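Fold and contact review
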Amino acid sequence: MPSLVISTNVKVDSSDKKKELMTKLTQVVAKTLGKPDSYVAIQINDNQSMMWGGSDEPCALCQLASLGSINGKNNKAVSKEVCNLLQEEPFGIRSNRVYIEFRDVPRENMGYDGSTF
């Protein structure tokens, strides 16, 4: 059930580039958290009104939620890989302009298929 939401002020004109990044992010999240690809959801909100430290240079705010597998080791690995991917074109976001919030969601607090986990 891992879900990764990325909001950025960078506009991505190519849906192919966005899809390529989402595919890579799916693989990173699945591998690092030990979850099947089929459970991973990715959302990218580009072209958002955002500032970081008073500057509108490229930046990103990310949230990763999962049922378990949120821990120091995995969080560092995901952070490194996500930041590396966001530095690539067309995003070009420096890693010191990316925040990632990690949330370990209790099973009863995650709805799916008309019920909870």
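The shown structure was predicted, so the numbers you read here are calculated from the model rather than taken from an experiment. (Residues numbered from 1 in each chain as written. Predicted model: local features only at pLDDT ≥ 70, side-chain atom pairs only at ≥ 80, totals over all residues. Heavy atoms only, no water.)

Moving on: the overall build of the protein chain. Each helix and strand counted, the protein chain has 2 helices and 6 strands in total. Listing every helix and strand of the protein chain by position from the N terminus yields β-α-β-β-α-β-β-β. Compactness check: the protein chain gives a C-alpha radius of gyration of 14 Å against a globular reference of 13 Å for 117 residues, within 12% of the reference. C-alpha atoms of the protein chain, sized along the principal axes, occupy 40 × 30 × 25 Å. The burial tally for the protein chain puts 41% of its 117 residues in the buried class. Counted over contacts in the protein chain with a minimum sequence separation of 6, partners at least 24 positions apart contribute 76%. Carbon and sulfur atoms form 45% of the exposed surface of the protein chain, whose accessible area is close to 6900 Å². (Helix = DSSP H or I, 4+ residues; strand = E, 2+ residues; numbered from the N terminus. Rg over C-alpha atoms; globule rule 2.2 N^0.38 Å. Buried < 20%, exposed > 50% of the residue type's maximum accessible area, 1.4 Å probe, protein only. Contact = heavy atoms within 4.5 Å. Areas by Shrake-Rupley, 256 points an atom, 1.4 Å probe, with all protein chains shown as cover.)

What follows concerns the sheet that holds strand S1 (residues 3–8). In space, the 4 strands of this open sheet follow the order S2-S1-S3-S4, with mixed pairing throughout. Each edge of the sheet is formed by a strand with only one pairing partner; in this case those strands are strand S2 (41–45) and strand S4 (98–104). Averaged over all pairs of adjacent strands, the angle between strand axes in this sheet comes to 10°, irrespective of strand direction. Of the pairings in the sheet, the one linking S1 to strand S3 (residues 60–66) comprises 6 bridges and is antiparallel in character. For Ser-3, the partnering residue across the bridge sits in S3 and is Ala-65. Relative to S4, helix H2 (residues 72–87) is tilted by about 145°, and along the sheet it contacts S1, S3 and S4. (Pairing = 2+ DSSP bridges. Axes fitted to C-alpha atoms, helices over the stretch in contact; angles between N-to-C directions.)

For the rest of this paragraph, the subject is helix H1 (residues 15–33). Here H1 contains 19 residues, and its C-alpha end-to-end distance of 27 Å stays within 8% of the 27 Å for a straight helix at 1.5 Å per residue. Considered for burial, the residues of H1 that qualify are Lys-18, Leu-21, Leu-25, Thr-26, Val-28, Val-29, Ala-30, Thr-32 and Leu-33. At its buried positions, H1 is contacted by S1, S2, S3 and H2. Here H1 starts with a cap whose side-chain oxygen sits 3.3 Å from the backbone nitrogen of Asp-16, and that cap is Ser-14. Gly-34, located one to two residues past H1, shows a positive phi value of around 70°. (Expected span 1.5 Å × (residues − 1). Polar contact = N/O pair within 3.5 Å; in protein donor to acceptor, adjacent residues only side chain to side chain.)

This part takes up unusual backbone geometry. A cis geometry characterises the amide bond from Glu-89 onward to Pro-90, with omega recorded as 10°. One can find Pro-90 in the loop between H2 and S4. The phi torsion at Asn-47 lies on the positive side, around 60°, for a residue other than glycine. If you trace the backbone, Asn-47 turns up in the loop between S2 and S3. With a relative accessible area of 48%, Asn-47 lands in the partly exposed category.

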